[in-house]
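Descriptive structure summary
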Amino acid sequence: MEPGDAARLGPGRAARALPPRLLLLPLLPLLLGRGLRAAASASSSGAAAEDSSAMEELATEKEAEESHRQDSVSLLTFILLLTLTILTIWLFKHRRVRFLHETGLAMIYGLIVGVILRYGTPATSGHDKSLSCTQEDRAFSTLLVNVSGKFFEYTLKGEISPGKINSVEQNDMLRKVTFDPEVFFNILLPPIIFHAGYSLKKRHFFRNLGSILAYAFLGTAVSCFIIGNLMYGVVKLMKIVGQLSDKFYYTDCLFFGAIISATDPVTVLAIFNELHADVDLYALLFGESVLNDAVAIVLSSSIVAYQPAGLNTHAFDAAAFFKSVGIFLGIFSGSFTMGAVTGVVTALVTKFTKLHCFPLLETALFFLMSWSTFLLAEACGFTGVVAVLFCGITQAHYTYNNLSVESRSRTKQLFEVLHFLAENFIFSYMGLALFTFQKHVFSPIFIIGAFVAIFLGRAAHIYPLSFFLNLGRRHKIGWNFQHMMMFSGLRGAMAFALAIRDTASYARQMMFTTTLLIVFFTVWIIGGGTTPMLSWLNIRVGVDPDQDLPPNNDSFQVLQGDGPDSARGNRTKQESAWLFRLWYSFDHNYLKPILTHTGPPLTTTLPAWCGLLARCLTSPQVYDNQEPLREEDSDFILTEGDLTLTYGDSTVTANGSSGSHSASASLEGSRRTKSSSEEVLDRALGIGDQPVLSRGTRLVFPLENA
Amino acid sequence: MEENKKGYYWKGFYMKKEGLIMGLILRYATAPTDIESGTVYSCGKLAISPSTLLINITDQVYEYKYKREISQHNINPHQGNAILEKMTFDPEIFFNVLLPPIIFHAGYSLKKRHFFQNLGSILTYAFLGTAISCIVIGLIMYGFVKAMVHAGQLKNGDFHFTDCLFFGSLMSATDPVTVLAIFHELHVDPDLYTLLFGESVLNDAVAIVLTYSISIYSPKENPNAFDAAAFFQSVGNFLGIFAGSFAMGSAYAVVTALLTKFTKLCEFPMLETGLFFLLSWSAFLSAEAAGLTGIVAVLFCGVTQAHYTYNNLSLDSKTRTKQLFEFMNFLAENVIFCYMGLALFTFQNHIFNVLFILGAFLAIFLARACNIYPLSFLLNLGRKQKIPWNFQHMMMFSGLRGAIAFALAIRNTESQPKQMMFTTTLLLVFFTVWVFGGGTTPMLTWLQIRVGVDLDEDLKEPTSHQEANNLDKNTTKTESAWLFRMWYSFDHKYLKPILTHSGPPLTTTLPEWCGPISRLLTSPQAYGEELKEEDVECIVNQDELAMSYQEQATSPHSPPAGLGLDQKASPQTPSKDNLYEGDLGLGGYELKLEQTLGQSPLN
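Residues numbered from 1 in each chain as written. Chains lettered and ligands numbered in written order. Predicted model: local features only at pLDDT ≥ 70, side-chain atom pairs only at ≥ 80, totals over all residues. Heavy atoms only, no water.

Brief notes about the overall build of chain B
Counting its regular elements, chain B contains 28 helices and 3 strands. Within the span of chain B, comprising 603 residues, buried residues form 58% of the whole. Partitioning the intrachain contacts of chain B with sequence separation of at least 6 by distance along the chain shows that 79% fall at a separation of at least 24. Of the roughly 24,500 Å² that chain B leaves accessible, carbon and sulfur atoms contribute 64%. (Helix = DSSP H or I, 4+ residues; strand = E, 2+ residues; numbered from the N terminus. Buried < 20%, exposed > 50% of the residue type's maximum accessible area, 1.4 Å probe, protein only. Contact = heavy atoms within 4.5 Å. Areas by Shrake-Rupley, 256 points an atom, 1.4 Å probe, with all protein chains shown as cover.)

Shown next as C-alpha cells:
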C-alpha cells in the first residue's frame with residue numbers, strides 16, 4: 001500500500017492505510033474478516049420478529065453466530081478445494097500427466113465451485129439500510145451509531161459507486177467468499193515471493209545476473225509501454241465503436257500494461273524442474289519472473305501515483321512524470337535496502353549467537369525476521385513484497401550458511417509448504433472469482449486487444465533485448481531459448497493480485513476481468529503446451545542442474561575428478577558476466593567472511609589498518625576451522641591459500657586451471673581436510689544445498705585414484 | 001548452555017516480561033490521539049442494528065460493517081489512544097488463529113503409550129475434576145461477591161451466580177506449560193508427566209465447552225433462580241457439543257488416515273504434509289461451521305492423527321508435520337503470552353477489585369485441592385500403581401493458568417462483571433506462571449520426585465530383544481486399566497488394521513462373513529508382501545504373534561511366542577518391529593530401532 005495509492009483511493013482506503021493498522025493486518029490471517037464476528041447475514045434467524053429487547057439481543061447473538069458459521073463454511077470450501085487439488089495432483093504426478101499443472105487444476109476446481117455457488121445458492125437480500133447523513137462531509141473509519149439507547153460500532157468497508165448500490169444486496173454467500181484484496185498482498189503473496197527468493201538457484205542466478213536484470217527492468221518497462229500503447233489504441237477503437245460506457249484514460253492503459261507485465265511462469269518452471277531442462281534457461285526464466293514481479297508492483301504503484309498538476313489531469317506533465325520515476329526508484333531501492341538489511345541482520349545474529357543449538361528457535365527467528373521485513377517495509381511506505389523478495393535472496397545467500405542442518409531443512413520445508421498452499425489458494429480463488437465476483441465487465445474487443453498486446457509486448461521485450469544481450473554475452477542466448485522465453489510469458493498470481501486490488505472504477509473492473517481471462521488462458525493453454533514446445537524447440541532436457549557442465553567437456557571425467565571440478569569453477573568464471581565477477585570477488589572477499597562462517601578470514605582480505613575490526617568480525621569458527629588445519633599439516637594451508645589464489649587468478653586470467661589442478665593433487669593425501677575445503681568451494685559456488693551428494697562422490701574418489 | 005536452555009523453557013516467564021515492558025511503553029509513552037470515531041449518531045429510524053450500513057455522505061455512499069455493540073459506559077475510554085486501540089486484537093483471533101495450533105500440537109504430541117495407560121485417571125481428572133473445580137470456584141466466588149455487596153463495593157444484582165460459575169469454568173482450564181517444559185527437560189517420571197499433560201490438555205477442552213454451556217444457560221424468568229429445564233438443557237448442550245466435536249475431530253483424522261493409507265501420497269512428502277495440514281484445519285472449520293467447538297475438535301483430531309495417520313506418513317512427512325506444528329505452537333504460544341503482558345496495560349477497561357482478586361486466589365487453590373486430593377484417593381482405590389502423595393502435591397502445585405483461561409476471559413469483556421473477571425484472570429495467570437513456574441524445580445526436589453528418567457528407556461532396551469519386549473508388554477497389560485485393555489485390543493484388532501499399514505490383517509481378526517470387506521480394507525502392505533514374497537514359515541510366526549497378543553490380553557502368563565523370530569526370519573524383523581512399535585505408539589523411534597535390529601542378525 002503505497003502512499004500515493006492511499007491518497008487516490010479516497011478517505012476509506014486512507015484510513016485503512018494507516019501504518020499501525022497494517023502491522024496488524026497480517027495478523028488476521030485468512031479469516032475473511034471473520035474477526036468482525038457480527039456481520040452481514042441473518043438469512044433465516046432475522047425472520048423471527050422479536051418484541052422484547054432481551055430477545056432482540058439474543059437474535060443479534062444468533063446472527064453473529066450464524067455469520068461466523070458462514071465464514072467457517074466459506075473458508076472450509078477453499079480448504080476442501082485445496083485438499084481435492086492435492087489429491088488430484090498426486091494422481092497426476094503418479095500417472096506422470098504433464099499437460100495440466102496443479103495451479104491449472106486448482107483453477108478448474110475453483111471454477112466448478114464458483115458455478116455451484118453462483119447458480120446453486122439462493123439469492124438472499126441483506127438487511128442493508130441506506131442512511132443519509134447531512135452533518136458530515138467526510139467518511140470516518142469507525143462510526144458509533146446510537147440505536148434506541150444502544151451503541152453499535154461500525155467500521156468502514158469501502159466506498160460504493162451509486163450505481164452499484166443494488167448489487168451490494170445480492171447473494172450473501174457470494175459476498176462471503178469474496179476476500180478483501182489486501183489479503184493477497186499481506187498474507188498470500190509474501191510467502192510465495194519469499195520462497196521464490198529463497199530458492200533461487202544462486203550460482204546460475206548470479207552468473208546470468210546481467211541478463212536477468214536487463215530482462216526484468218528494461219523488459220518490464222518495454223512491455224508495459226507497448227501494452228499500454230496498444231491498449232490505448234484498442235480503447236480509442238472501442239470509443240469509436242461505442243462500446244465504452246465510461247472513462248478510460250491513457251494512465252489506465254499504462255496501469256494495465258504494468259500489471260499484466262508481471263509474468264509468473266510457475267507452470268513452465270515446474271515442468272522445467274521436473275524434466276531438468278537446461279539450467280541457464282531455467283535461471284533466466286525464473287530470475288526474470290521473480291524480479292519482474294517486483295518491478296511490476298512498483299511500476300504499477302508509481303503509475304497510480306502519477307498525478308499531473310493543472311486542470312487537465314490526464315495530459316502529459318513532465319514534472320509529474322519525473323516524480324513518478326522518482327517514486328519508482330525510491331520505492332524500489334528502499335524496499336531492496338530494507339530486505340537486504342534484514343537479511344544481513346539475520347545473518348549476523350545467526351552468526352554471532354549460538355542459536356544453532358536450538359533449531360526451533362533458529363527457525364522461529366528466521367521466520368520472524370523475514371516477516372518483519374515485510375511489515376517494516378509496509379510501515380515505511382515501501383513495498384513489502386519487494387522487500388521480502390530481496391530478503392529471501394539475502395537469506396539464502398548468507399543466513400542459510402549459518403543455520404544448523406536441521407534449521408536448513410526446516411526453513412526450506414516450512415516455506416515450501418507455505419508457498420504451495422498460498423499459491424494453490426490464489427489460483428483456486430481465481431477460478432472462483434470468475435463467477436463469484438459481481439462486477440465483471442466483459443468487453444470482447446478489449447479482451448482480444450489485450451491478448452494481442454501481451455503477445456506483442458512479450459515479443460518486443462524478449463527478442464530485441466536478447467539481441468543486445470547476445471552482443472555482450474560469451475555464452476549466447478540461443479534462438480530456441482528466446483522462443484521458449486517468449487512462449488513462457490504466463491500471467492499468474494501477481495497480475496491477478498494487482499488487478500483485484502482496486503476494482504472500484506469501470507476501467508479497473510474491465511481490466512480485472514481481462515486479467516482473469518488472460519491468466520486462465522495462459523496457464524491452461526501455454527502451460528499445457530510446454531512439454532511439446534520443449535521438444536519442438538530442441539531444448540535439451542534431463543540435465544542435472546548441479547552437474548551442469550559445458551557440453552564439450554568429457555563429462556565422465558568431470559563428474560569424478562577433482563581437478564576438472566575446479567576447472568569447472570574456472571569455466572564458470574569465464575562464462576560469467578563482468579558484473580558477476582566483480583560482485584563475486586567482493587562477495588567472496590568481504591561479505592561472506594563478515595556474514596557467514598565461510599570464506600577466507602577477514603584479516604587476510606581486508607587491508608592491514610583495519611585489522612582490529614577484521615578480527616572482531618571474523619567468526620571464531622573460521623579460525624577454528626583453520627586451527628585444526630594448522631594442526632593437520634602445513635601443506636594444506638598452503639593449498640588452501642593456493643585455492644584462494646587461483647580464484648583470484650581466474651578472475652583475471654583464464655588459465656588458473658593448472659594451478660588448482662596441482663592444488664588438488666597435493667590435497668589427495670588427507671581426505672578429511674579435502675572434504676572441508678571442498679565445502680568451501682561448493683559454498684562459494686552456491687551449491688551448498690547438495691553437500692551430502694558432493695561429499696559422497698568425493699569420498700569415493702581418492703580410493704579410485706589409489 | 002544450561003542457562004540458555006532454561007531461558008528457552010521459561011519462555012512464558014520471559015515473554016510476558018517483554019510484553020509487560022512493551023505495554024508500559026505503549027501506555028505511557030504514546031500520546032493519546034484523537035480517534036476519528038468521535039461522533040455518535042442518533043438514528044431514530046433504525047429499530048434494530050443492521051449488519052451493513054450504507055451511509056450517504058455528500059453524494060458518496062460508504063459501506064459500513066457492523067463490528068460490535070458497545071455498552072454505554074465504555075464509550076468514553078473507547079475514544080482514547082489510537083495506538084492502544086490498534087494493539088488490542090479482536091479476541092476471536094485467539095480462538096480462530098492462535099489457539100488451534102497450540103491445541104493441535106498438544107494432541108499431536110501426547111505420549112501415547114503412557115497416555116493410554118493412564119487413560120482412566122486422566123479422564124477422571126479432566127472431566128470430574130474440572131466440574132468440581134468449576135463448582136467450587138463458583139461457590140466461593142459467589143460468597144465473595146455477596147461479601148462485596150455487603151461491603152458496598154458492588155451493586156446488588158450485577159453479578160449473578162451464573163457469572164460466578166462462568167468464572168469458575170474459565171478458571172478451571174489449567175495450562176502447566178512452564179511446569180511441563182521443566183519436566184520435559186529434567187526427564188521427570190513419565191507417569192506424572194503424562195497425568196499432568198493429559199489432564200491439562202483434556203481440561204482445556206472441557207473448560208471451553210463448560211464455559212459455553214454456562215453462558216447459554218438462561219433461565220426463563222428470574223436469572224438468579226434455579227431452573228431445572230434450563231439446567232438440563234445446558235447439560236445436554238455440554239454433552240452434545242463435546243461428543244459432536246470429538247466425533248468431528250476423529251472423523252477428519254480417520255479420513256486423513258484412510259487417504260494416506262490408500263493413496264501413494266507418501267511419494268510426495270510436500271503434498272502429504274499439505275494434505276495433513278489442510279484436513280486438520282478443516283476439522284476445526286467444520287466443527288465451527290456445525291456450531292460445535294473447533295478447538296475441541298482439533299484436539300481430538302490431533303490425538304487421532306498421531307495415533308493412526310502418523311504411522312502412514314512417509315519418514316520425511318513425519319518430521320515435517322512434527323516440525324511444522326512445533327513451530328506454529330511455539331510462535332502462537334509466545335504471541336499469546338506476549339499479548340497477555342501487553343494487555344495488562346493496553347486493555348482499557350480494567351476493573352481492579354482487591355476483594356475479588358483475593359477471593360479468586362483463594363478459590364483456585366481450594367478448588368485445585370478439591371479436584372486433586374479426593375479424586376486421587378478414589379482413583380487409588382482402583383489403580384494398581386497408586387498415585388503417591390508427592391505426585392498429588394506436585395499436581396496440586398502445577399495448577400497454572402495460561403492461554404486458554406486468558407482467551408476465554410478476553411472473549412467477552414462487555415459487562416462490568418466480565419471485565420472484573422478478565423482483570424483477575426490476567427493477574428492470576430501472571431502470578432501462577434511466575435511464582436509456580438519459577439518454583440517448579442525447588443518443588444520437585446522438595447517432594448523427592450525422581451528426575452532423570454528416560455521416557456523411552458523402558459522401551460528402548462527391551463525392544464532390542466524380543467523376549468524382554470514381550471515381558472514388557474505383559475507388565476504393561478497388567479498395570480494398565482481395564483478401560484485401556486479393552487480399548488487396546490479393539491484398537492489393535494480392528495482400528496489399526498483398517499486405518500494403518502500395521503497390525504494383523506483384518507481377514508484374521510474379523511469374523512468370516514465380512515471377508516470381502518476385510519480384504520478390501522486391509523492394506524496390501526499388511527499381507528501382500530508377507531504372504532506372497534516371503535516363505536510360509538513367516539506366516540506362522542505372524543499368526544503366532546497375533547495369537548500371543550490375544551492370549552496376553554486374557555491371561556498375562558503366556559510364553560513369549562515371538563522368541564524364535566530373530567533367527568527364523570531375519571529380513572522380516574524390521575517390518576514386524578514396526579508392528580510392535582506402532583502398537584506402542586513409538587513410531588518416532590523407528591529409524592534407530594531398525595538400525596540396531598539390522599545389526600543383531602549379523603551378530
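Thoughts on the overall build of chain A
Helix and strand counts for chain A come out as 32 helices and 3 strands. In chain A, buried positions account for 58% of the 706 residues. A separation of at least 24 residues holds for 80% of the contacts in chain A among residues at least 6 apart in sequence. Of the roughly 28,300 Å² that chain A leaves accessible, carbon and sulfur atoms contribute 64%.

Observations concerning the side chain of B:T304
Residue and element names in this part refer to chain B. Along the chain, T304 falls in helix 13 (residues 294-312). We classify T304 as buried; its relative accessible area is 13%. In terms of polar contacts, T304 uses its side chain to reach the backbone carbonyl oxygen of F300, at 2.5 Å. The residues contacting T304, other than those within four sequence positions of it, are S250, A253 and T309. (Polar contact = N/O pair within 3.5 Å; in protein donor to acceptor, adjacent residues only side chain to side chain.)

With respect to unusual backbone geometry
One can expect most non-glycine residues to show negative phi and most peptide bonds to be in trans. The phi dihedral of A:N538 is positive, around 60°, even though this residue is not glycine. Within the secondary structure, A:N538 sits in the loop between helix 22 (530-536) and helix 23 (555-560). Even without being glycine, B:Q448 reaches a positive phi, approximately 55°. Along the chain, the position of B:Q448 falls in the loop between helix 18 (416-446) and helix 19 (457-463). By relative accessible area, B:Q448 is classed as exposed at 66%.

Considerations on the state of the cysteines
All names here are of chain A. Enumeration over the complete set of coordinates arrives at 0 disulfides over all chains. As a non-bridged cysteine, C224 has C253 as the owner of its nearest cysteine sulfur, 11 Å distant. Here C380 stays unpaired: no disulfide links it, and the sulfur of C391, its closest cysteine neighbor, is 14 Å away. (Disulfide = S-S within 2.5 Å.)

A word on a nonpolar patch on the surface
Residues and elements named next belong to chain A. On the surface, a cluster of nonpolar side chains totalling about 460 Å² of accessible area is made up of F225, F321, F322, V325 and L329. Counting residues per element, the nonpolar patch draws most heavily on helix 14 (residues 318-352), which supplies 4 residues. Examined against the element boundaries, F225 turns out to sit in helix 10 (residues 209-241). Judged by relative accessible area, which is 39%, F225 ranks as partly exposed. (Patch = residues over 30% accessible without salt bridge, like charges linked within 9 Å, V, L, I, M, F, W, Y side chains within 5 Å. Salt bridge = Lys/Arg side-chain N within 4 Å of Asp/Glu carboxyl O.)

Some thoughts on the confidence of the model for chain B
Residue and element names in this part refer to chain B. Averaged over all residues, the pLDDT of chain B equals 72, while 63% of them reach at least 70. At the level of individual helices and strands, chain B shows its lowest average pLDDT in helix 25 (residues 536-554), which scores 37, and its highest in helix 12 (residues 269-289), which scores 90. Counted against residues more than four places away or in other chains, residues 1-13, with its pLDDT under 50, gives 25 contacts. Across residues 34-38, where pLDDT falls below 50, the model places 12 contacts with residues more than four positions away in sequence or in other chains. In the model output, the complex is listed with pTM 0.75 alongside ipTM 0.74. (pLDDT = per-residue confidence, 0-100.)

A closer look at the packing of helix 14 of chain A against helix 15 (residues 359-379) of chain A
All names here are of chain A. It is at 9 Å that the axes of helix 14 and helix 15 come closest, and there the two elements cross at 160°. In terms of axis orientation, helix 14 runs roughly antiparallel to helix 15. Helix 15 is crossed by helix 14, and the crossing has right-handed handedness. Judged by residue contacts, M338, G339, T342, V345, T346, V349 and T350 of helix 14 engage E362, L365, F366, M369, S372, T373, L376 and A377 from helix 15. (Axes fitted to C-alpha atoms, helices over the stretch in contact; angles between N-to-C directions. Parallel < 35°, antiparallel > 145°, perpendicular 65-115°, else oblique. Left-handed = near helix turned anticlockwise from the far one by under 90°.)

Quick notes on the packing of aromatic side chains
Within a pair of aromatic rings, the relevant descriptors are the distance that separates the centres and the angle that separates the planes. Across all of its chains, the model carries 56 aromatic pairs over all chains by this definition. With a centroid separation of 5.0 Å and an interplanar angle of 70°, the aromatic rings of B:F127 and B:F242 are classed as edge-to-face. Of this pair, B:F127 sits in helix 7 (residues 119-151) while B:F242 sits in helix 11 (residues 228-262), and the two are 115 residues apart along the sequence. By relative accessible area, which is 29% here, B:F127 ends up partly exposed. Ring geometry for B:F361 against B:F431: centres 4.8 Å apart, planes inclined by 85°, an arrangement best described as edge-to-face. Here B:F431 lies in helix 18 and B:F361 lies in helix 15 (residues 354-382), a separation of 70 residues in the sequence. The rings of A:F194, A:Y198, A:F366, A:F367, A:W371, A:Y400, A:F415 and B:F327 are connected pair by pair, giving a single aromatic cluster. The ring of A:Y198 has A:K412 lying over it, and the distance from NZ or CZ to the ring centre is 5.8 Å. Above the plane of the ring of B:F166 lies B:K418, whose end atom (NZ or CZ) is 4.6 Å from the centre. (Phe/Tyr/Trp six-rings, centres within 6.5 Å; stacked < 30°, edge-to-face > 60°. Lys NZ or Arg CZ within 6 Å of the ring centre and 35° of its normal.)

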